[in-house]
Structures are given as structure tokens and as C-alpha cells.
Amino acid sequence: MADQPERPESGSPEDTLTTRQGHPVHNNQAMRTVGQRGPATLENYQFIEKITHFDRERIPERVVHARGAAAHGWFEAYGRIGEEPASTYTRAKVLTRAGIKTPVFVRFSTVIGGKDSPETARDPRGFAIKFYTEDGNWDLVGNNLKLFFIRDAIKFPDMVHAFKPDPVTNRQEAWRFYDFVAANPEALNMVTWVKSPWGIPADYRHMTGSSVNTYRLVDGEGKAVLCKFSFTPKAGVRNLTSAQAAAIQAQDVGHATRDLYESIERGDHPEWEMSVQIMEDGPHEELDFDPLDATRRWPEDRFPLRPIGRMVLDRNPDNVFAESEQAAFGTGVLVDGIDFSDDKLLQGRTLSYSDTQRHRVGANYLQLPINRPRCGTRTNQRDGQMAYAVDRSGANPHVNYEPSVVAGLHEAAASGPEFRPHAEGAVGRYPFPREQDDYRQVGEHYRLFEDWEREELIANLVADMKACPEPIALRMVWHFWHADRDYGRRVAYGAGIDLEAALKLPPLPGRPAPREPQPA
């Protein structure tokens, strides 16, 4: 580990975080929202400055998800959600019209590594789908693990900086990763999954997918329920141990791309069943987690996966750059019948993703064939760098504005009552609306792993702890122990960390003490 610079005394001007305008940052943990559970506000200047600068840190490679592979295919809705008609919950045609095949383009990716990094990396896998529906594009952008490291989008640049290479050594350093996690125990759930065999999918065909974020389904009467989307591979789920991944990487750094390409070429078309979990809208005080918290999985025994359709990939891109590399996804690209929730991570991603595409691909990225809706577009947006097409503007091309009393485009008729969620509260920077237990679900998942999965998880964490400075390693053992005593004890003993010293640490400042861990 590189020598660490001397930290200025707490409270000194050199140690005070500011914006690029020089304004002191008083809260770097939460966006401004309407009340604790309300939507984010547009005047989130600190967040907007931070996220838009972050989106421009790499040219032209993606800042995250740079290493990826993609394919064309189609989605077919069953016309039902579980045993009920899909129209019971949503008016989205792509989900309610049985037997209609909607074209899709799907891109799989690793997150942290660069464009030519190995696909055996221990890393979440991106799972991004562009549905070319009759009502315009619908982008569903998630990952393979159904949860994430953080619950508020304002932390995203810091998280990625900690996980990316050290700006001085240009190496990914374990201590940087765990330094961030040690101060953000909400990430423990994701860390436990990533450091288990689930952190290295065998390939893209045998990988699950998830929206991660919570959305809303809106029915024909304008009523809504909360939902999460999931994809289960028909070929089964397969993951790799660290030893298996190392053996593959020694021979092939792009094994998953090759596998996807070759399977489609030989006619062995990958297929997933799409399911949805549904929950009544509201805070759900009876649960020990908030359904809008992206660091938590919805328990499938309480909120079962209800099949809604199937997705098949049957054609490789004609050109990787023109399609896979220029494909541009965004969490804000929704169709009627699918709506936002007040998930704070989703609210921030919705700005960040499309902002990234305008920077990375250009202001007219939606004119590219891979991104253009199949249903056609009619807008009054004009010009910008690399414009090569003009949207139809109604009967009179001279009128590129709206409204007009003589010609031009006009607003579409509503397909149903507008969903209008109620929001009320003082605008401010809030932690999550209720005390979050960052440990219970971690321990539950640890105990659900098979023995060999726990062995692999512990071995990976032990190796990482040995590369961390003592303060970080002690705090991480403290976290693991509070999730499950066996979990913390095995990591401590394996890495030669003083368990008693770790358990003497006080709770993190400003955070409630965790509940008693489960006995071993």
C-alpha cells in the first residue's frame, strides 16, 4: 500500500469538503427530497454538480460498465402476472399484450474494469435491456444481484472512486474498497454477495438479471403498486470460484463475450423468464427494511417472483462499436404503465444515465439506429453536434414549436388517468426515513449460503483483509460479527485479526448501534 499522506487536523480549512464553487458541503450523504420518502428536487445543485462532473470523467469510454457484450432478440409477454391478468396491475402494452414479440437489445457488462479488462473479474454484472415497444423505448438497467452498494445516489461518485484504481498508484487497492465500505455499512449486503461465488458469473447466458431499483406499475385507473423486475436464465444459474476464474483468465480474458457470440451463432439462443415482485405502495412499517432501499433484496417467500414473460436473444450485432458501444441506456426511459418510485438511487440515476449518454455519444445519440425508437419520433428538438436527421414536425415543417394555432405537433391524448403520487414535507437532506438495520439481511443471507459458498466467501475476504491497514480490517470484522458471529469470527481468525480488539470499537459516529448478532 502506498504511504498515506498526513491527515489535516479535523476542522482545519484544508480538511473541509467544498463544491467546485467553493461552497462548504454540510451534508454529503443525502440528496434534497420532499420529506423523508418524497421525490428528489431539481435544485439539488450539490448533487447535480457532483454527478454531472463524475459522468464526464472518462472520454469516450464508459466510466462504469465499459467492458461489455450485447445481442439482439425479442420479448414476449404472457399477458398475465402470475395467475392474474397483467392489466390488473399495469396498462403497459409491452407487458399486457400476450404473444406480441417486442424487439430488444441487451447489453451485459462488468462494472469497474476498463474496456479490455478480464470478464472473470469479481464484480457485479450489468444487465441492461432496451425494449423497442410500440409506445417508444423502455430501458431497464440493472444488475445480476438484485441489490446495490448504496441507497442514495449522491454517494455514487465516491463509491466508484473508491473501487477504481488509486489515482497515485493506478492500481485497484483492497484498502480503498473497504475503507469506503467500513464507513458505509449499508454496502455490507452487496459485499457479501460480490465476495461469494455469486460475484463471478460463469458467463452471461447463465446469469440472473434484476432492475435493482423499485418502480411502480400503473393500471388503467391510474392506481399504482411498487414492483421490482427479475430475469431467470432458462439454462440455469452458474457461478465461478476464484480458482476457476483464475484458470479461465489465464487462457481467455473475454470468455463471456465469446460464449455469448458462439451460442447465438450455433442456434443455442439464450432465454430468460421475466418475473415481477409486487408490493402495495407505501412505507410498509411492518417490514424491517424500506422497499425503496436499493441495498435490500425483497424476500421472495413474502414477495414471490410472478412470471410475466420471456426474453430470447437470437442475433449478434453486425458491428460491435456501432451497436454495443454506442448503445445508450437510461433508467428514466419508461413507457406508459411503468412509472418511477421515490427510490433515491433511482432518482439520481435517472439524471445521471441520460446525461452520461449526451456527453459520451453526443447530443443526438437518440438518432443512432441502435438507440432510435422503432415507432418513430416527432419532436421539436433541433440541431446539436452530429445531427443527421430531422424529426417529423406534423404537416407544416415551418412550425418547430408547440402550441400553434395553425399547424405543428400537438399533445397526445392520455391513455388513462395520470398517476399522481402525493408528496408533502419540508425540503431538506434526510437519511433514510427510518432506522435501517444494515446487518440483519446480511446475516440471513450468510446463513442461507451453502457450506462451499461460505468457504469461498470467507477465503476471499480473508485475502482482502490481509491487504488492509489495521483500522479498516478491525472495523470490517466488527461489521461482519454484528451480521453473524460466525461470519465475523471466521474472517478475523483467517486473517489474523484480533477479534476482541475489533469488538471493542464503538459504533460509527452518527449511526445507531446494531442489534445483537445471531449466535453462531
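Conventions used here
Residue positions are counted from 1 within each chain, in the order its sequence is given. Local features are withheld for residues below a pLDDT of 70 in this predicted model, meaning they are given only at 70 or higher, and side-chain atom pairs are given and counted only at 80 or more; totals for whole chains, interfaces and linings count all residues. No hydrogens and no water enter the side-chain calculation; it runs on all heavy atoms of the structure. Here, the term nonpolar core denotes a set of buried Ala, Val, Leu, Ile, Met, Phe, Trp, Tyr and Cys residues that are joined through side-chain atoms within 4.5 Å. Note on exposure labels: buried denotes an accessible area under 20% of the residue type's maximum, exposed denotes more than 50%, and partly exposed covers the range between, all computed with a 1.4 Å probe on protein chains only. Counting from the N terminus, the helices are the DSSP runs of H or I reaching at least four residues and the strands are the DSSP runs of E reaching at least two. Every residue pair with non-hydrogen atoms within 4.5 Å of one another is taken to be in contact. Angular values range over 0 to 180 degrees, each being the angle between N-to-C directions of two axes fitted as lines to C-alpha atoms, with helices fitted over their stretch in contact. Each angle is binned into one of four classes, with values under 35 degrees roughly parallel, values over 145 roughly antiparallel, values of 65 to 115 roughly perpendicular, and all other values oblique. Pairing of N or O atoms within 3.5 Å defines a polar contact, subject to two protein rules: one partner must be a possible hydrogen donor and the other a possible acceptor, and residues neighboring in sequence count only if both atoms are side-chain atoms. Each cavity reported here is a set of points on a 1 Å grid over the protein atoms alone in which a 1.4 Å probe fits but cannot get out, each pocket an open set with protein on both sides within 12 Å along at least five of seven lines, and each lining residue one with an atom within 4 Å of a point. Grid points are joined across faces, edges and corners, and a volume is the space filled by probe spheres set on the points. Residues are sorted three ways: Asp, Glu, Lys and Arg are charged, Ala, Val, Leu, Ile, Met, Phe, Trp, Tyr, Cys and Pro are nonpolar, and all the rest, Gly among them, are polar. Think of a salt bridge as a Lys or Arg side-chain nitrogen and an Asp or Glu carboxyl oxygen that are within 4 Å of each other. Two helices cross in a left-handed way if the nearer one is turned anticlockwise from the farther one by less than a right angle. They cross in a right-handed way if the turn is clockwise. Only centres within 6.5 Å qualify two rings of Phe, Tyr or Trp (six-membered ring in Trp) as a pair; their planes then separate them into stacked at under 30 degrees, edge-to-face at over 60, and tilted for everything else.

**Observations regarding the nonpolar core**
- Membership of the largest hydrophobic core comes to 61 residues, with the highest contact counts inside it found for Phe149 and Tyr487.
- Per-element accounting of this core gives the leading share, nine residues, to helix 12 (residues 470–483).
- Not counting the four nearest positions on each side in its chain, Tyr487 is found in contact with Thr192, Val442, Tyr446, Leu457, Ile458, Leu461 and Phe480.
- Core analysis: the second largest hydrophobic core is formed by 40 residues, Val106, Ile129, Leu217 and Ala256 among them.

**Focus: the environment of Val335**
- Following the sequence through the fold, Val335 ends up in the loop between helix 8 (321–325) and strand 13 (338–340).
- Each C-alpha atom of the pair Val335 and Phe149 lies 27 Å from the other, and the pair is 186 residues apart in sequence.
- Setting aside chain neighbours within four positions, we find Val335 in contact with Ala92, Val94, Thr133, Asp135, Gly136, Asn137 and Trp138.

**A look at the packing of helix 3 (residues 156–163) against helix 4 (residues 174–183)**
- Axis separation between helix 3 and helix 4 bottoms out at 7 Å; the angle between their running directions is 150 degrees. The orientation of helix 3 with respect to helix 4, classified from their angle, is roughly antiparallel. Contacts between helix 3 and helix 4 pair Asp158, Met159, His161, Ala162 and Phe163 from the former with Arg176, Phe177 and Phe180 from the latter.

**Some remarks on unusual backbone geometry**
- Cis geometry is adopted by the peptide bond preceding Pro403, which originates at Glu402 and carries an omega value of 10 degrees.
- On the secondary structure map, Pro403 appears in the loop between helix 9 (344–360) and strand 14 (427–429).
- Positive phi outside glycine occurs at His65, with the angle close to 65 degrees.
- Inspection of the secondary structure assignment puts His65 in the loop between helix 1 (45–55) and strand 2 (68–77).
- Judged by its relative accessible area of 18%, His65 is buried.
- Positive phi is not limited to glycine here, since Asn170 has a value of about 60 degrees.
- If you trace the backbone, Asn170 turns up in the loop between helix 3 and helix 4.
- On the accessibility criterion, Asn170 (60% relative accessible area) is exposed.

**Focus on the side chain of Thr208**
- Locating Thr208 in the fold gives a position in the loop between helix 5 (188–194) and strand 8 (209–210).
- Side-chain polar atoms of Thr208 contact the backbone oxygen of Asn144, separated by 2.8 Å.
- Setting aside anything within four residues of it in sequence, one finds Thr208 in contact with Phe127, Asn143, Asn144, Phe231, Pro233 and Val237.

**What to know about the layout of surface pockets**
- A volume near 1700 Å³ is recorded for the second largest pocket.
- Elements with a contribution of two residues or more to the lining of the second largest pocket: strand 7 (136–143), strand 13 and helix 9.
- The element contributing the most residues to the lining of the second largest pocket is strand 7, with three residues.
- When its residues are assigned to classes, the lining of the second largest pocket shows 21 nonpolar, 14 polar and 15 charged.

**Topic: empty space enclosed by the protein**
- With the rule as written, the count across this model stands at two cavities of 30 Å³ or more.
- Volume-wise, the second largest cavity comes out at about 30 Å³.
- For the second largest cavity, the full set of lining residues is Lys146, Ser210, Lys228, Phe229, Ser230, Gln277, Arg297 and Trp298.
- Top element by residues in the lining of the second largest cavity is strand 10 (residues 224–233). It accounts for three residues.
- Classifying every residue of the lining of the second largest cavity gives two nonpolar, three polar and three charged.

**Points about the pattern of salt bridges**
- The final tally for this structure, using the stated rule, is 37 salt bridges.
- Here Lys93 and Glu134 are joined by a salt bridge, their closest N and O atoms 4.0 Å apart. With Lys93 in helix 2 (residues 93–96) and Glu134 in the loop between strand 6 (125–133) and strand 7, this pair connects stretches of sequence that are 41 residues apart.
- When its relative accessible area of 30% is taken as the criterion, Lys93 is described as partly exposed.
- Salt-bridge contacts for Glu186 lead to Arg151; the nearest nitrogen and oxygen are separated by 3.6 Å.

**Details of the packing of helix 4 against helix 12**
- Taken N-terminus to C-terminus, the directions of helix 4 and helix 12 make an angle of 50 degrees; their axes are 9 Å apart at the nearest point. With respect to their mutual orientation, helix 4 and helix 12 come out oblique. The chirality of how helix 4 crosses helix 12 is left-handed. Side by side, helix 4 and helix 12 meet where Trp175, Tyr178, Asp179, Val181 and Ala182 of the first sit next to Ile472, Arg475, Met476 and His479 of the second.

**Let's talk about the packing of aromatic side chains**
- Scanning the entire structure with this criterion turns up 23 aromatic pairs.
- Between Phe149 and Phe177 the ring centres are 6.3 Å apart and the planes differ by 85 degrees, which places this aromatic pair in the edge-to-face class. With a gap of 28 residues between them, Phe149 in the loop between strand 7 and helix 3 and Phe177 in helix 4 connect regions that are remote in the sequence. This pair shows no difference in class: Phe149 is buried, exactly as Phe177 is.
- Put simply, the rings of Phe54, Phe148, Phe149, Phe156, Phe163, Phe177, Tyr178 and Phe180 pair up and form one aromatic cluster.

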